[in-house]
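One letter stands for each residue in the lines below.
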Amino acid sequence: LSALFPSRFFHIGFDETWLLEREAAKLGRHPEDLYLEQLTRAASLVQKNGKTPIAWADMMEKFPGMIARLPKGLIAAPWHYEPLTDAQYKHFLAPFHDAGVQIMVLSAARNWHWLTPDYSESMQNDASLLAAGIKYGATGFADSEWTDNTQAALMRMARPAFAHGAISAWQG
């Protein structure tokens, strides 16, 4: 699939692998080793096509011991959808910085459980996550929205939150 896209970046996913520990236990393996093996295989396929792989970082944050062993050239994408404290950002982001792993932080327009987006929380999260990303050497910032409940989420209503995320990233 990565050969089909002109961008030099290709997002390979790898988020919310909540069954990782259960499957690793069945195989008599450590969860982070199983995850890292699969991640390395996928990243290698993408890199063979001249692309830079990007992967969600929630499992990397859960098992920070794997961060120093991530595939070279991979960009980890830590995502946090509510403002955290400086200590929490340090806990999650410093291991990537300390290991020399590039990160792209991801915020979100909080619209997945409400009829209208929570603009205040969304914009506070953009600001605090972007500041933490800059502090820990992030090479990028992105905004997202999740429409888990397609009956309730009015996607057009999230546009002001996206504009805020884009402007925040441009202006630092």
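None of the values given here were measured: they were computed from a predicted structure. Sequence order as written defines residue numbering, which begins from 1 separately in each chain. It should be noted that, the model being predicted, local features are given only for residues of pLDDT at least 70 and side-chain atom pairs only at 80 or more, the latter also being counted only at that level, while totals for whole chains, interfaces and linings use all residues. As a convention, hydrogens and water are excluded, and side-chain values are obtained from all of the structure's heavy atoms.

## Description of the nonpolar core
Then, in step 1: Among the nonpolar cores identified, the biggest contains 35 residues, and I12, Y35, L39, M60, L70, L74 and F96 are the most heavily contacted of them.
Then, in step 2: Each helix corresponds to a stretch of at least 4 residues labelled H or I by DSSP, and each strand to a stretch of at least 2 residues labelled E; elements are numbered beginning at the N terminus. The set of elements that each furnish at least two residues to this core consists of β1 (9-13), α1 (20-27), α2 (31-48), α3 (58-62), α4 (86-99), β4 (102-106) and α5 (119-135).
Then, in step 3: When residues of this core are assigned to their parent elements, the largest contribution, seven residues, is made by α2.
Then, in step 4: Those residues within four positions of M60 in sequence are excluded, and the remaining contacts are Y35, L39, A55, M66, I67, L70, L74, A76 and F96.
Then, in step 5: The nonpolar core is taken to be a set of buried Ala, Val, Leu, Ile, Met, Phe, Trp, Tyr and Cys residues, with the residues joined through side-chain atoms within 4.5 Å. Note on classification: 1.4 Å probe, protein chains only; a residue is buried when its accessible area is under 20% of the maximum for its type, exposed when over 50%, partly exposed between these limits. Ranked by size, the runner-up nonpolar core spans eleven residues in total, among them I54, I75, W79 and A142. The contact criterion used throughout is that any non-hydrogen atoms of two residues lie within 4.5 Å.

## Some thoughts on the packing of α1 against α2
Then, in step 1: Direction vectors running N to C along α1 and α2 enclose 100°, while the axes themselves pass 8 Å from each other. Comparing their axes, α2 and α1 come out roughly perpendicular. From α1, L20, E21, E23, A24 and L27 reach across to α2, where they touch P31, L34 and Y35. Interaxial angle, 0 to 180 degrees, is taken between N-to-C directions of lines fitted to C-alpha atoms, where a helix line uses only the stretch in contact. For classification purposes, an angle smaller than 35 degrees is called roughly parallel, one larger than 145 roughly antiparallel, one from 65 to 115 roughly perpendicular, and anything else oblique.

## Some points on the pairing of β4
Then, in step 1: In terms of residue burial, β4 counts as a mostly covered element, since four of its five residues are buried.
Then, in step 2: Two strands qualify as a pair provided that DSSP identifies no fewer than 2 bridges between them. As paired elements, strand β3 (residues 75-77) and β4 share two bridges and run parallel to each other. The residue bridging A76 from the neighbouring strand is I103, located in β4.
Then, in step 3: Handedness of the crossover joining β3 and β4 through α4: right-handed. Seen with its strands pointing away from the viewer, a crossover is right-handed if its path from the first strand over the helix to the second goes clockwise.

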